[in-house]
Amino acid sequence: MEYQFIRDPISGLRIKISSEHAIIGRWLNEEIGKDKVAMVLALISSVSSSFEPLTLKGQEIDLILSKDEALFEAHALHQDNEDILAYQDDELMLEENDLSSGCGFEDFVDLINSWHEFSAGR
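Every value quoted in this text rests on a predicted model; they were computed, and no experiment measured them.

J.: Account for the pattern of salt bridges, with residues named and values stated.
T.: One pass over the structure, following the stated rule, counts three salt bridges. The partner of Asp 62 in a salt bridge is Lys 57, with the nearest N and O atoms 3.6 Å apart. Of the residues examined, Asp 62 reaches a relative accessible area of 10% and is grouped as buried. Judged by relative accessible area, Lys 57 falls into the exposed class, the value being 63%.

J.: Give me the side chain of Ser 119: which residues, what numbers.
T.: Relative to the assigned elements, Ser 119 resides in helix 4 (residues 105-119). In terms of polar contacts, Ser 119 uses its side chain to reach the backbone carbonyl oxygen of His 116, at 3.2 Å. If we ignore the near neighbours within four places in the chain, the residues touching Ser 119 are Leu 13, Lys 34 and Val 37.

J.: Outline helix 2 (residues 37-48), listing residues and values.
T.: What sets the pattern is the α-helix's 3.6 residues per turn: residues three or four places apart point alike. In a regular helix each residue adds 1.5 Å, so twelve residues correspond to 16 Å; helix 2 covers 17 Å between its end C-alpha atoms and thus fits that length. All of the buried residues along helix 2 are Val 37, Val 40, Leu 43, Ile 44 and Val 47. All buried residues of helix 2 lie within an arc of 115 degrees about the axis, which places them on one face of the element. Away from its buried face by more than 90 degrees, helix 2 exposes Ala 38 and Ser 45. In this structure, the buried residues of helix 2 make contact with helix 1 (22-32), strand 3 (54-56), strand 4 (61-65) and helix 4.

Cut-off values and rules
- Residues numbered from 1 in each chain as written.
- Predicted model: local features only at pLDDT ≥ 70, side-chain atom pairs only at ≥ 80, totals over all residues.
- Heavy atoms only, no water.
- Salt bridge = Lys/Arg side-chain N within 4 Å of Asp/Glu carboxyl O.
- Buried < 20%, exposed > 50% of the residue type's maximum accessible area, 1.4 Å probe, protein only.
- Helix = DSSP H or I, 4+ residues; strand = E, 2+ residues; numbered from the N terminus.
- Polar contact = N/O pair within 3.5 Å; in protein donor to acceptor, adjacent residues only side chain to side chain.
- Contact = heavy atoms within 4.5 Å.
- Expected span 1.5 Å × (residues − 1).
- Arc of directions from axis to C-beta.

In short, shape yes, function no, at least from these values alone.
This is the structure we're talking about:
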């Protein structure tokens, strides 16, 4: 997983990430930012001693974290067929590629630790 952290004077701290992991970048930029990193670090600690995956519900994206992997799913992935049919009238399409992605647990921990250091200004 390739990524780069950016300090943007207009939009603040951001992550640029490979296209197949775009939802992870959206999750970090929009759901976590620098204010909720401690909560994610606590979740990482909790999952290490848990046998079941733990879920962090977001406004638009959920994180499902297990000892093996981190899975990100957009709420739009689970829309009812009626909701999706409404988009057909406007000729809009939902692309499943941008609605879910995952990475290994160790890669996720490295990403969060790096983001924590970056967002703390070190």
